[in-house]
Amino acid sequence: MKYLNAKTILPDALVKELQNYIQGGYLYIPVKQEQQKRWGEVSGYRQELAQRNRQIKRDYQDGVSMDRICEKYNLSCYAIRKIIYQK
């Protein structure tokens, strides 16, 4: 996250009002609810995991043992079971 100086982007009146609440600190301003992205959408990691999970299900359907799948993807058997039986 890049920090910005409030004086460079906000009107002076707003900076003075904010100084009544916080001075010399960092203030996080969240994204508007309607503009928020779900976890992993920006980086593409969500899609990458979905693709991996589809491959895990295919491996299992093709008869690969659960132990072998655990080793291949370096995941616990519990995690593999959750992926396989997930709808």
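First things first, this report covers the structure right here in the doc. (Residues numbered from 1 in each chain as written. Predicted model: local features only at pLDDT ≥ 70, side-chain atom pairs only at ≥ 80, totals over all residues. Heavy atoms only, no water.)

1. Focus: the overall build of the protein
Right, on to step 1. Counting secondary structure elements, the protein contains five helices and zero strands.
Right, on to step 2. In sequence order, the secondary structure elements of the protein are arranged as α-α-α-α-α.
Right, on to step 3. Against the 2.2 N^0.38 benchmark of 12 Å for 87 residues, the protein shows a C-alpha radius of gyration of 23 Å, more extended than a compact globule.
Right, on to step 4. C-alpha extents for the protein along the principal axes are approximately 65 × 25 × 20 Å.
Right, on to step 5. The burial tally for the protein puts 15% of its 87 residues in the buried class.
Right, on to step 6. Taking the intrachain contacts of the protein between residues at least 6 apart in sequence as the baseline, contacts between residues at least 24 apart amount to 26%.
Right, on to step 7. Total accessible area computed for the protein in this model is approximately 8000 Å², and 50% of it derives from carbon and sulfur atoms.
Right, on to step 8. When the 16 positive and 9 negative side-chain charges of the protein are each reduced to one mean point, those points stand 2 Å apart. (Helix = DSSP H or I, 4+ residues; strand = E, 2+ residues; numbered from the N terminus. Rg over C-alpha atoms; globule rule 2.2 N^0.38 Å. Buried < 20%, exposed > 50% of the residue type's maximum accessible area, 1.4 Å probe, protein only. Contact = heavy atoms within 4.5 Å. Areas by Shrake-Rupley, 256 points an atom, 1.4 Å probe, with all protein chains shown as cover. Lys, Arg positive; Asp, Glu negative; His and termini not counted. Charge placed at Lys NZ, Arg CZ, Asp CG, Glu CD.)

2. Thoughts on helix H4 (residues 66–73)
Right, on to step 1. Residues of H4 that are buried include every one of Met66, Ile69, Cys70 and Tyr73, and no others. For H4, the angular spread of buried residues about the axis comes to 105°, placing them on one side. Summarising the geometry of H4, the exposed residues directed more than 90 degrees from the buried face are Asp67 and Glu71.
Right, on to step 2. On its buried face, H4 sits against helix H3 (45–61) and helix H5 (77–85). (Arc of directions from axis to C-beta.)

3. Describing the pattern of salt bridges
A side chain with one charge can pair with a side chain of the opposite charge if their charged atoms come near.
Right, on to step 1. Per the stated rule, a full pass over the model turns up two salt bridges.
Right, on to step 2. Asp59 is the salt-bridge partner of Lys72, the closest N and O atoms lying 3.1 Å from each other. In this pair, Lys72 is assigned in helix H4 and Asp59 in helix H3, connecting sequence segments 13 residues apart. (Salt bridge = Lys/Arg side-chain N within 4 Å of Asp/Glu carboxyl O.)

4. Details of the packing of H3 against H4
Packed helix pairs are specified by the crossing angle of their axes together with the interaxial distance, meaning the distance between the axes.
Right, on to step 1. Packing of H3 against H4 leaves a shortest axis separation of 10 Å and a crossing angle of 150°. The angle between H3 and H4 falls in the class roughly antiparallel. For the pair H3 and H4, the sense of crossing is right-handed. On H4, the residues that touch Arg52, Gln55, Ile56, Asp59 and Tyr60 of H3 are Met66, Ile69, Lys72 and Tyr73.
Right, on to step 2. Among the residues making up the contact of H3 with H4, the classes are represented as five nonpolar, one polar and three charged. (Axes fitted to C-alpha atoms, helices over the stretch in contact; angles between N-to-C directions. Parallel < 35°, antiparallel > 145°, perpendicular 65-115°, else oblique. Left-handed = near helix turned anticlockwise from the far one by under 90°. Nonpolar A, V, L, I, M, F, W, Y, C, P; charged D, E, K, R; others polar.)

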